[in-house]
Amino acid sequence: MNRPPLRKVMPGETLPPEQPGRLSGEGAGILALLVLTLLITAGCLLYGRIWPAAAPADSERLSAELTAAIVDRGCRTAGLTQQNPVWAQRLADGRASLDDYLLRLIVSPEYLVRQQDDAAFLQDIEQIVTGSVLDGATIQAETAALNNLGSRIAYINDRLKRLGYAANLPTGGADTRLRTITVVNDRPAGGEEVVGILPVTSNARITGRAARLRLYADGKIRQELKIDTENPSLEHSYTLEWNTGAEAAGSHTLALLAICGDGRGRWIDLNTYTVPQITSLDIGRIMTDEKPADDSGTAWTSTRWYRLPPMENGQVMLNLFNAGTTIQARLYDAYARQLAETSCTADRTGALRYAPADQAGLPVSDTYYVRVDCSKPAEGSTAAHYSLAPSPAYASPSGRPEEWLAVLERKADQLLLQDQSGTRSWQNAADYTLYDPTACLSSILLTLPDGGTALSAPAFDAGTLQYGLYVDAGTDHLRLNAVAMEGSAAQVAVTNQTEKNGSRSLEAQGVLTLDPSVNNLNITVTGFDGSRRTYQVSILRSPDSKGFHTSLEQFPETYRSPLWLLHLKQPSYTFAAEQTGLDWQSFIDAEDEKDRSLVEADSSPAAWVEEESPVYDGSSWKAASRGLIAYFADPRNFLDEVNIFQFEHLTYEAGVQNHAGLSVILADSFMDPDKTDIDYAGLILDAGRNADISPYFLASKIIQEMGRQGQSPLSSGKLPGYEGVYNFYNIGATPDPSVENGAQINGARFALYGRDAAQGEITEDEAAWLLPWNTPERAIRGGAVWIAERYVRIGQDTLYSQKFDLAEDGGFFIHQYAQNIQMAWAEGRRTRQAYADLKLLDQSFVFRIPVFDNMPDTPAERP
């Protein structure tokens with residue numbers, strides 16, 4: 001495309017030669033007439049006419065009556081509905097000449113838009129000046145004169161002189177002719193929203209060097225291009241640009257004017273466009289936008305426009321998150337060329353990314369535009385909201401996910417953050433949750449043949465790279481939809497590796513054909529900066545060639561995907577299904593009775609605590625909410641490599657449990673060897689060995705019951721009134737809200753007298769528990785025997801079953817070791833950490849996992 005140098009009109013700049021806009025209606029005619037006095041200068045400058053230094057002699061002046069008639073006829077010829085008394089007055093007093101007036105009239109947009117041919121032009125001049133019409137013979141003669149002169153301006157001089165008027169219009173550009181001109185139809189359709197710079201390109205064949213193209217918006221010139229044609233025999237392309245950034249938001253009409261030195265020209269009406277309201281985004285300043293929902297029930301969309309500057313390195317970075325509906329975002333450069341797109345939903349974040357080098361040949365822009373389209377909110381929602389972070393990444397302070405800060409830079413374990421006030425500071429990365437979309441997927445959706453969603457384990461998270469999925473033998477294919485956070489700025493490559501067919505390439509959105517046994521689906525995301533990340537979904541289509549499907553088939557299908565993934569990570573683990581035969585809802589009903597499941601209200605979210613619950617123990621232990629009970633009771637929430645240990649079979653394992661491991665568990669507790677002369681690790685190890693119960697479990701339980709720093713006086717024998725009495729496992733410490741420290745007093749009384757404290761005697765079977773517990777050693781050893789006898793040996797042989805009591809002996813749900821709803825979860829994690837510190841996690845552990853009847857299709861969510 002040939003683009004001669006352009007003279008751009010900047011905001012606030014005054015142009016010397018300006019043509020009036022083409023307006024319609026009575027008001028438009030008045031406006032055009034009023035500005036004609038200002039535009040005579042433009043016509044004169046275009047053709048080199050110099051305004052006379054002095055007024056002409058009286059003999060050259062026209063009468064007021066004649067000038068009024070000429071101006072009236074000129075207005076009607078040009079299509080103007082109102083006369084301009086200023087022009088008539090200037091003609092009458094000699095401040096303007098008749099040739100000046102006719103020149104300005106025939107090159108005005110109002111006249112050129114009528115596209116008068118030469119014959120019509122001759123009639124128009126005659127009508128304006130004399131008020132008469134040329135007959136056939138005369139029109140032929142005048143046409144010959146025009147053709148001989150070659151220029152309409154030269155003809156005006158000639159005709160005026162023949163009619164007795166002075167005429168001296170310059171004709172230096174008389175050789176310039178507009179042969180053909182067409183406007184290239186490569187612009188948006190009329191009525192559309194436009195941002196940035198809109199090029200208007202025309203193809204024209206022009207001879208000579210005295211032509212101009214002018215671009216108008218709402219009748220005001222926005223840019224002018226002087227044409228200097230080197231080869232007049234060829235058609236050339238010319239481009240003018242409309243800078244919408246200089247316009248107010250609203251509707252604007254464009255037009256193109258081509259005018260030549262011979263007085264001929266053409267006015268071309270273009271489209272009407274809407275310049276939208278545009279909000280500026282500042283680098284590092286997170287913005288949340290909201291569009292109220294439309295209650296009309298019609299198709300609902302909302303569009304927002306933003307102006308976005310590039311980062312210091314020229315790259316464009318914008319993150320979209322916190323969406324209340326589906327969001328589509330597109331990035332445009334200053335010429336409204338789309339550079340990238342992405343999407344965002346309530347469950348999926350998105351990002352727009354662009355580096356100028358991505359598209360060679362496109363100019364580097366100092367301003368970019370973002371269009372955000374919101375779909376209609378879900379029923380019941382009041383607004384479509386979303387947040388925008390113009391930064392490479394964003395972060396939330398630990399424990400406060402609703403707060404966001406822009407991440408501008410990262411160095412080692414430090415983050416350069418900017419808050420909402422614009423303050424920047426370096427902070428420790430460990431104190432924040434980082435959200436970085438680079439080379440990340442925002443979702444992996446696998447759809448079953450029946451249209452249902454295949455639920456992999458764990459639930460998708462952009463930072464988790466490994467997933468497991470079990471499907472039955474009848475599932476021979478899945479539909480895959482893998483979406484990159486960076487949208488079109490990222491590349492997604494997919495392969496499926498199987499035992500039968502090796503590696504096959506797939507589309508990120510397409511059908512995945514499954515072979516029997518293991519299908520390893522590898523999804524590699526290449527970010528806009530070239531970095532890569534690979535996600536793997538290991539899909540087991542039963543049967544497994546190595547036979548693991550037989551272990552999985554003990555369990556309902558909702559257990560199988562997480563257990564399959566855990567097996568991939570820890571193939572030495574054994575999983576056994578404990579078929580409880582209990583109805584799920586009946587089980588939750590039982591756990592939701594009064595003080596059976598408690599939570600420490602002072603340190604827990606309000607949703608975790610049953611409304612209006614009294615304090616059952618200590619100062620803040622209240623009844624747990626039903627939702628929290630369901631969450632901690634649902635085994636499917638904890639089938640991962642960290643939380644699985646609440647299902648560990650709690651027998652003594654000589655090859656796994658040792659003194660060193662216990663020392664790790666007891667570190668930084670009141671039983672740390674640096675804080676006491678008692679060898680608690682050796683003592684607990686012996687207690688576990690003698691009772692055939694895991695000493696790691698015993699150590700974790702002591703810390704759980706006594707507090708890590710021995711906050712319970714039963715760990716130190718300092719309970720008032722019961723000095724010298726110990727109860728490390730809180731055995732018999734049932735709550736008594738009517739008595740201060742009622743639970744601890746009951747625990748001390750059990751340590752002295754056993755089950756029947758009122759009798760004050762220790763029975764023969766209670767003596768086997770080493771009662772009374774008047775030393776730490778007796779309390780730890782005797783308590784271990786009591787736990788093994790009363791729990792492990794009757795079937796409550798996991799942390800989970802000790803908390804929830806699924807053993808029929810003595811009645812379900814009654815024989816619970818602790819009321820703390822988090823007991824099994826917390827002690828299991830502590831035990832697992834001890835194994836990890838000793839590098840024992842690869843040992844052959846056995847896990848007994850309960851299964852209930854009529855469980856919900858998906859695991860209970862944490863409130």
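Here, every reference points to the structure presented above.
Conventions we followed
- Residues numbered from 1 in each chain as written.
- Predicted model: local features only at pLDDT ≥ 70, side-chain atom pairs only at ≥ 80, totals over all residues.
- Heavy atoms only, no water.
- Helix = DSSP H or I, 4+ residues; strand = E, 2+ residues; numbered from the N terminus.
- Areas by Shrake-Rupley, 256 points an atom, 1.4 Å probe, with all protein chains shown as cover.
- Phe/Tyr/Trp six-rings, centres within 6.5 Å; stacked < 30°, edge-to-face > 60°.
- Lys NZ or Arg CZ within 6 Å of the ring centre and 35° of its normal.
- Axes fitted to C-alpha atoms, helices over the stretch in contact; angles between N-to-C directions.
- Left-handed = near helix turned anticlockwise from the far one by under 90°.
- Contact = heavy atoms within 4.5 Å.
- Nonpolar A, V, L, I, M, F, W, Y, C, P; charged D, E, K, R; others polar.
- Buried < 20%, exposed > 50% of the residue type's maximum accessible area, 1.4 Å probe, protein only.
- Polar contact = N/O pair within 3.5 Å; in protein donor to acceptor, adjacent residues only side chain to side chain.
- Pairing = 2+ DSSP bridges.
- Salt bridge = Lys/Arg side-chain N within 4 Å of Asp/Glu carboxyl O.
- Expected span 1.5 Å × (residues − 1).
- Parallel < 35°, antiparallel > 145°, perpendicular 65-115°, else oblique.

Q: For this particular structure, what's the right way to read the overall build of the chain?
A: Scanning the chain from N- to C-terminus turns up 20 helices and 36 strands. When the accessible surface of the chain is totalled, it reaches about 37,800 Å², and 47% of it is carbon and sulfur.

Q: Looking at this structure, how should I read the environment of N741?
A: Note on placement: N741 falls in the loop between β35 (722–723) and α16 (742–753). Sequence separation between N741 and D617 is 124 residues, and the spatial gap between their C-alpha atoms is 7.7 Å.

Q: Would you take a moment to explain the packing of aromatic side chains for this structure?
A: Each aromatic ring pair is described using two quantities: the centre-to-centre distance and the angle formed by the ring planes. Per the stated rule, a full pass over the model turns up 42 aromatic pairs. Their ring planes at 45° and their centres at 4.6 Å tell us that Y835 and F845 sit as a pair that is tilted. Linking Y835 in helix α20 (residues 823–837) with F845 in the loop between α20 and β36 (846–853), this pair joins segments that are 10 residues apart in sequence. Over the ring of F121 we find R152; its NZ or CZ atom is 4.6 Å from the centre of that ring. In this arrangement the basic side chain of K803 is found over the ring face of F804, its NZ or CZ atom lying 5.1 Å from the centre.

Q: I would appreciate a short explanation of the packing of helix α4 (residues 98–106) against helix α8 (residues 152–162) in the present structure.
A: The description of two helices packed together rests on the angle between their axes and the distance between the axes. Two elements in contact, α4 and α8, have axes separated by 10 Å at closest approach and are oriented at 145°. The interaxial crossing formed by α4 with α8 has right-handed handedness. Residues L98, D99, L102, L103 and I106 of α4 pack against R152, I153, I156, N157 and L160 of α8. Taken together, the residues of the contact of α4 with α8 sort by class into 7 nonpolar, 1 polar and 2 charged.

Q: I'm lost on the environment of Q833 in this one. Help?
A: Within the fold, Q833 resides in helix α20. When the C-alpha positions of Q833 and V664 are compared, they lie 8.7 Å apart, and in sequence the two are 169 residues distant.

Q: In this structure, what is going on with the side chain of E247? I would like to understand it.
A: In this fold, E247 is placed in the loop between β6 (236–243) and β7 (250–259). With a relative accessible area of 12%, E247 lands in the buried category. Of note is the side chain of E247, whose polar atom sits 2.7 Å from the side chain of R222. Not counting residues up to four positions away in its chain, the partners in contact with E247 are A217, R222, W242, H252 and V275.

Q: Just checking my understanding: could you explain unusual backbone geometry for this structure?
A: Where the residue is not glycine, phi is negative for most of them; where a peptide bond is considered, it is trans in most cases. Looking along the chain, the bond that leaves A457 and enters P458 is cis, with omega of -5°. For P458, the position within the fold is in the loop between β23 (441–447) and β24 (466–471). Of the consecutive residues S542 and P543, the connecting peptide bond is found in the cis state with omega at 5°. With respect to the element layout, P543 can be found in the loop between β30 (532–541) and α9 (549–552). A positive phi angle is found at E612, which is not glycine, with a value near 60°. By the element assignment, E612 lies in the loop between β32 (598–600) and β33 (621–623).

Q: What exactly am I supposed to notice about the sheet that holds β6 here?
A: Either a parallel or an antiparallel arrangement is found when strands of a sheet pair, and the pairing is made through backbone hydrogen bonds. The sheet built from 3 strands is open, its strands ordered β2-β3-β6 with antiparallel pairing. With partners counted over all chains shown, the strands left at the sheet margins are β2 (177–183) and β6, one partner each. On average, each strand axis in the sheet is tilted by 30° relative to the strand beside it, whichever way the strands run. With 6 bridges connecting them, β2 and strand β3 (residues 197–207) associate as antiparallel partners. Counterpart to V183 in the pairing with β3 is S202.

Q: Is there a simple way to explain the sheet that holds strand β21 (residues 424–428) in this structure?
A: Here we have 5 strands laid out as an open sheet, ordered β21-β20-β19-β18-β22, and antiparallel in their pairing. Strand pairing shows two members of the sheet lacking a second neighbour, β21 and β22 (432–435), which therefore form its edges. In this sheet, neighbouring strand axes are inclined to one another by 40° on average, regardless of whether the strands run parallel or antiparallel. Where strand β18 (residues 393–397) meets strand β19 (residues 405–411), 3 bridges bridge the pair, whose relative direction is antiparallel. Within β19, the position partnered with A393 by the bridge is V407.

Q: Any chance you could explain the pairing of β18 here in plain terms?
A: Within a regular strand, side chains alternate between the sheet's two faces. The element β18 is extensively covered by neighbouring structure, given that 5 of its 5 residues are classed as buried. Burial along β18 is two-sided: A393, A395 and P397 facing one way and Y394 and S396 facing the other are all buried. The sheet contact formed by β18 and β22 spans 4 bridges and is antiparallel. Bridging across to β22, Y394 finds its partner in Y435.

Q: Would you take a moment to explain the pattern of salt bridges for this structure?
A: When the charged atoms of two side chains with opposite charge come close together, those side chains can pair. Summed over all chains, the structure comprises 33 salt bridges. Close ionic contact of D589 with R626 constitutes a salt bridge, the shortest N to O distance being 2.6 Å. Of this pair, D589 sits in helix α11 (residues 584–591) while R626 sits in helix α12 (residues 626–633), placing them 37 residues apart in sequence. With relative accessibility at 41%, the residue D589 sits in the partly exposed group.

Q: What is the right way to read α16 from this model?
A: Owing to its 3.6 residues per turn, the α-helix brings residues three or four apart onto one side. Along its 12 residues, α16 runs 16 Å from first to last C-alpha, staying within 8% of the 16 Å computed at 1.5 Å per residue. When α16 is considered as a whole, its buried residues turn out to be G742, A743, G747, A748, F750 and A751. For α16, the elements touching its buried residues are β34 (718–719), β35 and α18 (776–790). Immediately beyond the C-terminal end of α16, within one or two residues, lies G754, with a positive phi of roughly 85°.

Q: Could you clarify how one ought to interpret the packing of α11 against α12 in this entry?
A: For the pair α11 and α12, interaxial distance at closest approach is 10 Å and the crossing angle is 120°. Considering the angle they form, α11 stands oblique to α12. Helix-helix and strand crossings are classified by hand; for α11 and α12 the assignment is right-handed. Contacts from W584, Q585, F587, I588, D589 and E591 in α11 reach R626, I629, A630 and A633 in α12.

Q: Please explain the pairing of strand β17 (residues 383–389) as it appears in this structure.
A: Most of β17 sits out of view: 6 of its 7 residues are buried. In this sheet, β17 lies alongside strand β12 (residues 316–321) in antiparallel orientation, the contact comprising 3 bridges. Across the sheet, residue F321 finds its bridge partner in β17, namely S387.

Q: For this particular structure, what's the right way to read helix α2 (residues 64–78)?
A: Between its terminal C-alpha atoms α2 stretches 21 Å, which fits the 21 Å expected from 15 residues at 1.5 Å a residue. For α2, the set of buried residues is T67, I70, V71, R73, G74, C75, T77 and A78. Positive backbone phi, approximately 85°, marks G79, located one or two places after α2.

Q: Looking at this model, I keep getting lost on the environment of P392. Mind explaining?
A: Mapped onto the elements, P392 comes out in the loop between β17 and β18. Residues P392 and T438, 46 residues apart in the sequence, show an inter-C-alpha distance of 8.4 Å.

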